[in-house]
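Coordinates in review
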Amino acid sequence: MIESTIGVSIIIPVYNKEDYISDCVESVLKQEFTDYEIILVDDGSTDGSARICDEYSHQYAFIHTFHIKNGGLGPARNYGIANAEGEYMLFLDSDDWIREDALVRLYNAVKENEADAVLFDFMIYDSELEAAFRSKENAQYIGCDVTFEAKMYRCTLPSSCTIMYKTSVWKERGLLFPNTPFEDNALYPAILLVFSNFVVIDEGLYFYRTNYGKTITCNISNDLRRVEPLKYMLEVMHIVCENWRDKYNDLIYCFCYNQLQVSLEAIRYRGNESEY
């Protein structure tokens, strides 16, 4: 593989997010770290998102826009990965944003520790309250090894957006997102197994927007769909580790249980006891 001359590829799938895509892209343009490219994958948007993406790519040579037929978030991310030329890559959803020092913190962390990936926390931004809250999902691993076993037992909110990955490792192992809801659930265990050399940053560098009408996570009927991708997850685990059942069977089923529990708690939190 030819050695990359770009530090980080930021992959941003876009589908009908004309109200938010500019905030997302601008958060990258404001970064202290500048050795990056932005890959905008327009997933067949029917609003003004495609036009906004084109405007950015015309204005900046390091922003690349691709227009594809609508296929979902997973395939859009896969398209971005195939076109990524950075040494590392980071996923950013088009209605979210990152802190101004995120890239420099992440890049320095992987370089200084010779790591294949860096794990960090996210901030949950409530649009109605206009306030952000720390998730604390990954803070539990500060000062200890991020082992596959520890992460699988304790993971409740898997997100591919809170890890920066070495691109060559991802591509060599042939990881692909499925076209299902909660696609992160399907790939997260394999990601943790493939990227065993982690470093952790104990800060919320990613801002995840929630509580607005168009987000999939605000729909009660989608809460139980969190378990749909788990069949794909088992297939991917077999690809990356043929004897995973002998070594990690209990861990995987613990992860599945956690996801079902999160779905049920989400339904109860929304006050829909009949669904629960």
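Up top is the structure these notes are about.
Nothing here was measured: the structure is a model prediction, and the numbers come from that model. (Residues numbered from 1 in each chain as written. Predicted model: local features only at pLDDT ≥ 70, side-chain atom pairs only at ≥ 80, totals over all residues. Heavy atoms only, no water.)

Right, let's talk about the overall build of the protein chain for a bit. Scanning the protein chain for helices and strands turns up 10 helices and nine strands. Among the 276 residues that make up the protein chain, the fraction classed as buried is 55%. Residue pairs at least 24 apart in sequence account for 79% of intrachain contacts in the protein chain once pairs closer than 6 positions are excluded. (Helix = DSSP H or I, 4+ residues; strand = E, 2+ residues; numbered from the N terminus. Buried < 20%, exposed > 50% of the residue type's maximum accessible area, 1.4 Å probe, protein only. Contact = heavy atoms within 4.5 Å.)

Moving on to the packing of aromatic side chains. Tallying each qualifying case throughout the model produces 14 aromatic pairs. Grouped by ring-pair contacts, the aromatic residues F91, Y165, W170, F177 and F195 constitute a single cluster. Positioned over the ring face of F91 is R77, at 5.5 Å from the centre of the ring. (Phe/Tyr/Trp six-rings, centres within 6.5 Å; stacked < 30°, edge-to-face > 60°. Lys NZ or Arg CZ within 6 Å of the ring centre and 35° of its normal.)

Across the nine residues that make up strand β1 (residues 6-14), a large majority, nine, are buried. In this structure, β1 lies alongside strand β4 (residues 86-91), joined through five bridges in parallel fashion. What sits directly across from V8, in β4, is Y88. Taken together, the seven bridges between β1 and strand β2 (residues 36-43) define a ladder with parallel strand orientation. Residue pairing for β2: P13 is matched across the bridge by V41. (Pairing = 2+ DSSP bridges.)

In the Ramachandran plot, E114 falls in the positive-phi region, its phi being about 50 degrees despite a non-glycine side chain. Along the chain, the position of E114 falls in the loop between α4 (102-112) and β6 (117-126). Overall, the relative accessible area of 68% leaves E114 in the exposed class. Despite not being glycine, F182 has its phi angle at roughly 50 degrees, a positive value. As for its position among the elements, F182 is in the loop between α6 (167-172) and α7 (183-194). The exposure class assigned to F182 is buried, which follows from its relative accessible area of 13%.

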